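So the chains spell out like this:
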Amino acid sequence: MVEEPVVVVLEAKPDDRPTTGPAHSADGKRGAGRKEPRSPVRWALLGVLFVVMIVPIYLLVVNAFKSQQDILDNPFSIPLGKLTFAHMSAAISSPQFNVIGGYGFTLFLVVVVDVLCILLAGPAAYVIARSLKRRTQLVLLYFLAGTFIPGAAVIIPVIYVLREVGLANTVTGLIAHDVASTLPVSIFLFVGFIRTIPVDIDHAATIDGAGRYRTFWTIVFPLMRPAVVTVLILNSIGIWNDFVSPQILLSPSSGHYTVTTAIYASISQYSTDLTKVFPNLLLAVAPVVIFFIYMQRHIISGLTVGAVKG
């Protein structure tokens, strides 16, 4: 007589279990199962995006080692017995395209612009992030406005400005233009990150006798490493791929060529010779693609850190 009620109670309990119990996790799995019909659509979209991005890279890599006739007959094929490194070797040793010179000048440009950008954008972002004055926020909006203006739209006014200050057709003028074009995004990212750093750190440094410059460079700046790495990567890729600015601000008479302008100079008169086009394009694209693949996790972490405070 005593056992029957106990059995009835135990059988009735599962219906009254709280939603936070183990049964909820099981229901959660079943709920996730109900969302599975959306998974094929998501995978299909990712697949389409992957194909759209990988096909140009595939064509570039494969056709860089094929003959002109093989490229024209079937650009998608991989004739294993006919692949050759002769065209790539010719592109590297071509007098019209100095690979070492183009890489060296572009790397020099990347390093100088990155260093100057950090030296200018860091302190400016620190002042904007720590100030609550309305005029300081207007300065931030002024910098943000620069992100909405296409660089090609202001290239002609930039030429006139550089002529007035005597920097037209010079490497210094190109560096000044590139630094100015990278400041808006850099300051925007730095401001968002610095605002996540507690102000108490600044107060403690002030009590210890540190000035604002010392506080920023010795305390705040080391904490900005994710944002700094992101800015360096984005700026480096942008400068490496830039064609319009060096092509217009540095005429051929200057004797300086970046990777993109050197390739244009070398293949512009041989545009129909695909054995020159594809190897030269691969030489320009390969370093930046490898660099991006290797550093993409730093880009994602730098963009997301500071997005949610607390």
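Asks: How should I be thinking about the pattern of salt bridges in this particular structure?
Replies: Pairing is possible between side chains of opposite charge, provided their charged atoms come close. For the coordinates displayed, the defined rule picks out one salt bridge. Between Asp202 and Arg130 there is a salt bridge, with the nearest N and O atoms lying 2.8 Å from each other. Taken together, the positions of Asp202 in helix α10 (residues 199–207) and Arg130 in helix α6 (residues 99–130) put the pair 72 residues apart, joining distant regions of the chain.

Asks: What exactly am I supposed to notice about the packing of aromatic side chains here?
Replies: The geometry of two aromatic rings is summed up by the distance between their centres and the angle between their planes. In total, this model carries nine aromatic pairs according to the counting rule given. Relative to Phe216, the ring of Tyr126 has its centre 5.2 Å away and its plane inclined at 40°; by these criteria the two rings are tilted. Taken as a pair, Tyr126 in helix α6 and Phe216 in helix α11 (residues 212–223) lie far apart in primary sequence, 90 residues in all. Each member of the pair, Tyr126 as well as Phe216, carries the same accessibility label: buried. Ring-pair connections join several aromatic residues into one group, and the members of that group are Tyr126, Phe216, Trp217 and Phe221. When the ring centre of Tyr160 is taken as reference, the NZ or CZ atom of Arg163 above it lies at 5.6 Å.

Asks: Even after reading the chapter, I still don't get the side chain of Thr275, so can you show me in this structure?
Replies: With respect to the element layout, Thr275 can be found in helix α15 (residues 274–304). When neighbours within four sequence positions are excluded, Thr275 is seen to be in contact with Lys66, Ser67, Gln68 and His87.

Asks: Explain a nonpolar patch on the surface to me, please; I cannot follow it from the model alone.
Replies: Taken together, the side chains of Val111, Val115, Leu116, Leu119, Leu120, Tyr213 and Trp217 present a nonpolar region at the surface, about 680 Å² in accessible area. Mapped onto the nonpolar patch, the elements with two or more residues apiece are α6 and α11. Among the elements that make up the nonpolar patch, the one with the highest residue count is α6 (five residues). The residue Val111 is located in helix α6 in this model. Since its relative accessible area comes to 52%, Val111 is described here as exposed.

Parameters at a glance
- Residues numbered from 1 in each chain as written.
- Predicted model: local features only at pLDDT ≥ 70, side-chain atom pairs only at ≥ 80, totals over all residues.
- Heavy atoms only, no water.
- Salt bridge = Lys/Arg side-chain N within 4 Å of Asp/Glu carboxyl O.
- Helix = DSSP H or I, 4+ residues; strand = E, 2+ residues; numbered from the N terminus.
- Phe/Tyr/Trp six-rings, centres within 6.5 Å; stacked < 30°, edge-to-face > 60°.
- Buried < 20%, exposed > 50% of the residue type's maximum accessible area, 1.4 Å probe, protein only.
- Lys NZ or Arg CZ within 6 Å of the ring centre and 35° of its normal.
- Contact = heavy atoms within 4.5 Å.
- Patch = residues over 30% accessible without salt bridge, like charges linked within 9 Å, V, L, I, M, F, W, Y side chains within 5 Å.
- Areas by Shrake-Rupley, 256 points an atom, 1.4 Å probe, with all protein chains shown as cover.

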